[in-house]
Amino acid sequence: MTRPDDAPSTPTPAPAPDPHPVLPLTEGSLVLLVGTSAAGKSTFARRHFRPTEVVSSDTCRALVGDDENDQSVTADAFELLHFLVGKRLAAGRLTVVDATNVQAGARKQLLAVAREHDARAEAIVLDVPLGVCAERNRTRPDRELPAFVIPRQHRELRASLPGLAKEGFRRVHVLRGAAEVAAAEVVLERRRVDLRHLTGPFDLVGDVHGCRSELETLLGRLGYRLVRDAAGRPVDAVPPVGRTAVFVGDLVDRGPDTPGVLRLVMGMVAAGHALCVSGNHELKVARALDGDRVTLSYGLRESMEQLGAEPAEFRAEVREFVRGLADHYLLDGGALVVCHAGLPERYHGRSSGRVRSHALYGGTTGETDDYGLPVRQAWAEEYRGRPLVVYGHTPLPVASFLHNTVCLDTGCVFGGALTALRYPERELVRVEAERRWYEPVRPLLSGAPGGREGRPLDVADVAGRQTVETALHGTVAVRPENAAAALETLGRSAVDPRLLVYLPPSVPPVAAGDRPGFAEHPDEAFAGYRADGVGRVLCAELMPGPRAVVLVARDDAALARRFGPAGPGAVWSRTGRALLGPVEEAELLARLRAAAERAGLFEELGSGWLLLEAALTGLPASAADAGPASAVSSAEDRRTRNAEVVASAGAFLPPVLAALERAAARGLDVAGLLDRQRGRVADLRDFAAVPRPAAAPGRPLLAPFRLLAAEGANLATGPEHEQLARIGRLVDADRTAPADPAVDRTTAVDRTTVTDRTAPADRTTATGGTAPAPALHRAAHRWVDTGDEASTAAAVAWWEELTAAGGAGIVVRPPVPPTRTASGEGRPRGLVQPAVRVRGREWLRLIQGPGHPDRSGHPDRPVRSSAGALGLRRSLALREYALGVEALDRLAAGEPLWRVHQAVFAVLALESEPVDPRARP
């Protein structure tokens, strides 16, 4: 009996060997090497693939049983092999399986793993003659299999070859003979959907559905120049320089001119001016053009009638075009995903029937609604992926972002609008429909699932250990205990979470020097920035009172469009708490809105809202922790508290000192204790002599020092001279508020700083009206050259004068906030401190009490601070600053609010990090 692997009696000529076979493989796919033992699979794998890309059955045996020849652990070894293959495919990595794979059952298990992870499976067959394999087996020094093994494997290989392509492999490469195996070249190909090398900018267009006229109008509004043929029909649209149009599918059906839309889009794609993904309606048109039996519903009948009036050549071009459309694309380095019906992150870049089905139809629950249509899964509401997913398919009245997704189908064919998204600008451009071309089966949905932004802040986004990617500081980690503390703090916040889009970073104190009697001194700040290569710095007055973030809207609708809730805005503290009561907040926001309008800031920045950082006087020092309060000022609070300290110490220290002096006179050894008590008395005397702040101003006074953001713009990283100019215009506009003769404000007072001994009242104008007292204040400032002795000396003299009068101190900042590390390589240690504060010794005594061991400012003993605590505070400040900039970048980019909140929440979590309280702001 002749066996299949023996030489047949009538030989069949073998195909001529390919002298240089090229094997194209797809990136991210599963590749099975198929061949008998000793066919050269391991050698082939080492030659063409990286070691990390190869999962070998022999290596798995060695890992399990310490011997790659130990056949008793084969079952466990292949369990490990399947596990490793699954992990690599889940990560989208090319995975090569080095095993015999000649049995259909073994291949079936690996193909199942590939399907589970929506990966392509490809095979490379090493069809080496039996005699060659047997001879190699005899000469192998490490292993010699029994004589029957290789013939059996060879028979199994021969039996598998005819049906390999039907098992589920996308491609099967067969190398016949050792010569072809040795000469083969492996070439990796991009996945069809992988266009990450195309970075845009892009103009993404929603579902057109045959509305050619609206499409022409939209392209014109986007800056595209239409190209027409001899008959006047648009056959191309030339984009603005560098831009590319991307269509999300459903070009056809329902509308008045499906052929016209196809002619235009096909021309743009052919010219390289556009990309297009398939929609479910393109798939139905393709099937109809193929002659398949399809139901002529949902507008397909109209499309086929319109296409039937076109030449056969055009219909053939349409068939080829729609058949060749991909189900989705990855663009801009993977930051942008375009598909028709939406795609969860686990499907991005994958290739399978499941992925294609979701990309074309979306996920469904298996139920139908009252109109007989499938109920869609709310995948976008649960989406938390980093890439922006742009899709259509489900018509909405208005395009809106939801969890880093945006649906561009705004029902143009149903009388709605045709919408495009400019990327990366995230600008939505809308063209109203000329008429209702088709009656919808059901009314358009009222909004995206979960509302415009879905959940503004989900506990799952911030609970436990978190990592936030920042452009300035790389990955910032948040520990679970810090996240828990932040959640507890945020849970009591009085500010609507949707408005909480920024929290200020802490400002660390200047490094301590060797100057006796000074815990903080400007010379140390100038020296530090000079060492960092900063030659010029801005010194601004450090205003007492809590730091505040102010969101002010030009009108209530402007706030609602971006943040959800309507209203004039909000004022909150560094922990997200409301700083003012409702009435006081509304009054302050009204003044700020009017000043910004008169200063022209809304118009200049093209924004309906502004986000500012400021100091807010007229509040107790504990306002940031106690909630709204403005009846008592921080100055009054400190005066009352310090008077109590002086009175208490003055009552018990003199008797104690007298008793110790009597004990010393009797010869008792109390000298050390007596010296300490005398030092406490001296500290108390110094403390009592510190100038006390003046009376409360009577109402909140806002001292803005930075414009943070406006619509589409992160202003926080702008140069200081621009900040000073805009803040100056804002304050001047408030101080020139028009008089109101109907209002008597003779009892109102205001202050330029809390250290002033007098406060200007409202002004009586020539018309007899009373101009309102200013609600805004501009802190004093000056520029300093860190390398010029005269400049630094003048700044020190100014600081001494300011602090001697009871002022808090100054904040020193570089002229341009740091936007990248000094090394340019993303290393956090190169980031320059964005600001340091230098407080006066009188102010330090005032806020820290008499006799503080390190920061009393006593002129007779040098001051030392903890270098470790200062280093931790500076590290935290840099991380918080990077997170704040990241939050503003995401806000300006129009990213969903949950992404902004991730960075904001991380700032609050870092604030719960334990540090030396003396280094706190």
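The structure this text deals with has already been given above.
Residues numbered from 1 in each chain as written. Predicted model: local features only at pLDDT ≥ 70, side-chain atom pairs only at ≥ 80, totals over all residues. Heavy atoms only, no water.

1. Points about empty space enclosed by the protein
Summed over the entire model, instances satisfying the criterion amount to 6 cavities of 30 Å³ or more. What the largest cavity holds in volume is close to 70 Å³. As for the largest cavity, its lining consists of Thr26, Glu27, Gly28, Ser29, Asp118, Ala119, Arg120, Arg191, Gly349, Arg350 and Ser351. A class-by-class count of the residues in the lining of the largest cavity yields 1 nonpolar, 5 polar and 5 charged. (1 Å grid on protein atoms, 1.4 Å probe; cavity = no way out; pocket = protein on both sides within 12 Å on 5 of 7 lines; lining within 4 Å. Points joined across faces, edges and corners; volume = space filled by probe spheres on them. Nonpolar A, V, L, I, M, F, W, Y, C, P; charged D, E, K, R; others polar.)

2. Regarding the side chain of Asp236
Of note, Asp236 is situated in strand S11 (residues 234–238). Of the side chains bearing the opposite charge, Arg225 lies closest to the buried Asp236, which forms no salt bridge; the N-O distance is 7.5 Å. Among the polar contacts made by the side chain of Asp236, one reaches the side chain of His273 at a distance of 3.1 Å. Setting aside anything within four residues of it in sequence, one finds Asp236 in contact with Arg225, Leu226, Val227, Leu264, Gly267, Met268, Ala271 and His273. (Helix = DSSP H or I, 4+ residues; strand = E, 2+ residues; numbered from the N terminus. Buried < 20%, exposed > 50% of the residue type's maximum accessible area, 1.4 Å probe, protein only. Lys, Arg positive; Asp, Glu negative; His and termini not counted. Salt bridge = Lys/Arg side-chain N within 4 Å of Asp/Glu carboxyl O. Polar contact = N/O pair within 3.5 Å; in protein donor to acceptor, adjacent residues only side chain to side chain. Contact = heavy atoms within 4.5 Å.)

3. Some words on the sheet that holds strand S8 (residues 194–195)
Overall, mixed pairing links the 6 strands, which are arranged S8-S14-S15-S18-S20-S19 in an open sheet. A strand with exactly one partner marks an edge of an open sheet, and here the two such strands are S8 and strand S19 (401–402). Relative to strand S18 (residues 388–391), strand S15 (residues 336–339) is paired through 3 bridges, and the arrangement is parallel. From the neighbouring strand, Val337 faces S18, where its bridge partner is Val389. (Pairing = 2+ DSSP bridges.)

4. Comments concerning the packing of helix H8 (residues 212–221) against helix H9 (residues 258–270)
Each packed pair of helices is defined by two parameters, the angle between the axes and the distance between the axes. Where H8 meets H9, the axes come as close as 8 Å, and the angle between the chain directions of the two elements is 35 degrees. The two elements H8 and H9 cross, and the hand of that crossing is left-handed. Taken together, the residues of H9 that come into contact with H8 (itself represented by Arg212, Leu215 and Leu219) are Gly260, Val261, Leu264, Val265 and Met268. Looking at side-chain class alone, the contact of H8 with H9 contains 6 nonpolar, 1 polar and 1 charged residues. (Axes fitted to C-alpha atoms, helices over the stretch in contact; angles between N-to-C directions. Left-handed = near helix turned anticlockwise from the far one by under 90°.)

5. Remarks on the pairing of S15
Where burial is concerned, the two faces of S15 agree: the one with Leu336 and Val338 and the one with Val337 and Cys339 are both buried. Relative to S15, strand S14 (residues 328–331) is paired through 4 bridges, and the arrangement is antiparallel. By the bridge assignment, Leu331 is partnered in S15 with Leu336.

6. Points about the packing of aromatic side chains
Applying the stated rule across the entire model yields 5 aromatic pairs. Where Phe414 meets Tyr438, the ring centres are 6.5 Å apart and the plane angle is 55 degrees; that geometry is what we call tilted. Separated by 24 residues along the polypeptide, Phe414 in the loop between strand S20 (405–407) and strand S21 (417–423) and Tyr438 in the loop between strand S22 (427–432) and helix H15 (459–462) bring together distant segments of the chain. On the numbers, 5.1 Å between centres and 70 degrees between planes, the contact of Phe563 with Trp609 is edge-to-face. Within this pair, whereas Phe563 is found in helix H18 (residues 556–563), its partner Trp609 is found in strand S28 (residues 609–617), the two being separated by 46 residues in sequence. On the basis of relative accessibility, which here comes to 1%, the residue Phe563 falls in the buried class. An aromatic cluster is present here, built from Trp379, Tyr383 and Tyr391 joined pairwise through their rings. Across the ring face of Tyr347, the terminal group of Arg346 is positioned such that the distance to the ring centre comes to 4.6 Å. Seen from the ring of Trp783, Arg536 lies directly overhead, with NZ or CZ sitting 4.2 Å from the centre. (Phe/Tyr/Trp six-rings, centres within 6.5 Å; stacked < 30°, edge-to-face > 60°. Lys NZ or Arg CZ within 6 Å of the ring centre and 35° of its normal.)

7. Focus on the sheet that holds strand S2 (residues 30–34)
Across a sheet, strands are paired by hydrogen bonds formed along the backbone, either parallel or antiparallel in direction. One open sheet holds the 5 strands; their spatial order is S3-S4-S2-S5-S6, and the pairing between them is parallel. Because the sheet does not close on itself, it has two edges, and the strands there are strand S3 (54–56) and strand S6 (171–176). Neighbour-to-neighbour, the strand axes of the sheet open up by a mean angle of 20 degrees, direction not taken into account. Here S2 runs beside strand S5 (residues 121–127); their pairing, made up of 5 bridges, is parallel. Directly across from Leu33, in S5, lies its bridge partner Ile124. Packed onto the sheet, helix H1 (residues 41–48) meets S2, S3, strand S4 (95–98), S5 and S6 and runs at close to 145 degrees relative to S2.

8. Some words on H18
Buried within H18 are the following residues: Ala558, Leu559, Arg562 and Phe563. Summarising the axial view, the buried residues of H18 lie within an arc of 100 degrees, below the 170-degree limit, and thus occupy one face. Of the residues flanking the start of H18, the one acting as N-cap is Asp555, its side-chain oxygen 3.1 Å from the backbone nitrogen of Ala557. Immediately beyond the C-terminal end of H18, within one or two residues, lies Gly564, with a positive phi of roughly 105 degrees. (Arc of directions from axis to C-beta.)

9. A short note on the pattern of salt bridges
Side-chain pairs of opposite charge can arise whenever the charged atoms involved come near each other. Per the stated rule, a full pass over the model turns up 45 salt bridges. Between Glu439 and Arg436 there is a salt bridge whose closest N-O contact spans 3.1 Å. Given a relative accessible area of 52%, Glu439 falls into the exposed group. Classification of Arg436 by relative accessible area gives partly exposed; the value is 44%. The residue Arg706 makes a salt bridge to Glu720 at a minimum N-O spacing of 2.3 Å. Taken as a pair, Arg706 in strand S29 (residues 701–710) and Glu720 in helix H24 (residues 720–735) lie far apart in primary sequence, 14 residues in all. Where salt bridges share partners, they join Asp203, Arg243, Arg422, Glu425 and Glu427 into one cluster.

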